[in-house]
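Examining the three-dimensional arrangement
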Amino acid sequence: LRLLLRLGFIDSIGTDPMLWFILILEASMPPAQNSVLMLHAENKSVEAARLAKFLFRVYFAAMIPVVIITTVLLETCGILVS
């Protein structure tokens, strides 16, 4: 993000806090299910099932850290309304 800021692609956090919040939040989210869909499209059902189980464990383990990261980001970006 610092590189994007220096190159002028994004404004400072004070100018556009919601953009910063979204960029950081996207980077901290677990992987998407598209990989499972791609495996199904290639008729690799066993691999797709294995990946789906793995992603479920990742999503389950990420619940608490995502809440903490989101709260900290909202406070840091000045978006959190008490």
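Report on the accompanying structure. (Residues numbered from 1 in each chain as written. Predicted model: local features only at pLDDT ≥ 70, side-chain atom pairs only at ≥ 80, totals over all residues. Heavy atoms only, no water.)

1. A short note on the overall build of the chain
The criterion, for reference: Numbering goes from the N terminus for both helices and strands, where a helix is a DSSP run of H or I of at least four residues and a strand is a run of E of at least two. Think of it in three bands: with a 1.4 Å probe and only protein chains considered, a residue is buried below 20% of the maximum accessible area for its type, exposed above 50%, and partly exposed in between. Contacts are assigned to residue pairs with any non-hydrogen atoms lying within 4.5 Å of each other. Values of accessible area rely on a 1.4 Å probe in the Shrake-Rupley scheme; residue burial ignores everything except the protein chains shown.
Of the regular secondary structure elements, the chain holds four helices and zero strands. Reading the chain from its N terminus to its C terminus gives the helix and strand order α-α-α-α. Residue burial in the chain is summarised as follows: out of 82 residues, 16% are buried. Partitioning the intrachain contacts of the chain with sequence separation of at least 6 by distance along the chain shows that 49% fall at a separation of at least 24. When the accessible area of the chain is evaluated, it comes to approximately 6,300 Å², of which 66% is carbon and sulfur surface.

2. Considering the nonpolar core
The line we're drawing: In these notes, a set of buried Ala, Val, Leu, Ile, Met, Phe, Trp, Tyr and Cys residues joined through side-chain atoms within 4.5 Å is what counts as a nonpolar core.
By size, the foremost hydrophobic cluster in this structure holds seven residues: Ile10, Trp20, Phe21, Leu25, Leu73, Leu74 and Cys77. Among the secondary structure elements, those contributing two or more residues to this core are helix H2 (17–28) and helix H4 (45–76). Counting residues per element, this core draws most heavily on H2, which supplies three residues.

3. Examining unusual backbone geometry
Phi is positive for asparagine 43, close to 60°, though the residue is something other than glycine. Examined against the element boundaries, asparagine 43 turns out to sit in the loop between helix H3 (34–41) and H4.

4. Details of H4
Heads up, the rule is: Here the expected span of a helix is defined as 1.5 Å times the quantity of residues minus one. One fitted axis covers the seven residues ending at a residue, a second covers the seven starting there, and the bend at that residue is the angle between these axes.
Taking 1.5 Å per residue as the helical rise, H4 with its 32 residues ought to reach 46 Å, and the 43 Å between its terminal C-alpha atoms agrees with that figure. At methionine 63, H4 is bent by approximately 45°, the largest bend along its length, and proline proline 65 sits one to four residues beyond. Within the sequence span of H4, burial applies to Ala48, Leu55, Ala62, Val66, Thr70, Leu73 and Leu74. Glycine 78 sits one or two residues past H4 and shows a positive phi near 75°.

5. Topic: a nonpolar patch on the surface
Put simply, the rule reads: Excluding any residue in a salt bridge, patches collect residues exceeding 30% relative accessible area, merging like charges within 9 Å and nonpolar Val, Leu, Ile, Met, Phe, Trp and Tyr side chains within 5 Å. In what follows, salt bridge is the name for a side-chain nitrogen of Lys or Arg lying within 4 Å of a carboxyl oxygen of Asp or Glu.
A contiguous nonpolar patch, built from Phe56, Phe60, Met63, Ile64, Ile68 and Val72 and spanning about 660 Å² of accessible area, is present on the exposed surface. Mapped onto the secondary structure, valine 72 falls in helix H4.

6. With respect to the packing of aromatic side chains
Note the cut-off: Think of it this way: a Phe, Tyr or Trp ring, Trp meaning its six-membered ring, pairs with another when their centres are within 6.5 Å, and the plane angle makes it stacked under 30 degrees, edge-to-face over 60, tilted otherwise.
A full pass over the atoms with the stated rule returns one aromatic pair. Relative to phenylalanine 60, the ring of phenylalanine 56 lies with its centre 6.4 Å away and its plane at 25°, an arrangement referred to as stacked. In this pair, phenylalanine 56 and phenylalanine 60 are both assigned in helix H4, four residues apart and thus about one turn of the helix distant. Pair check on accessibility: phenylalanine 56 and phenylalanine 60 agree, each one exposed.

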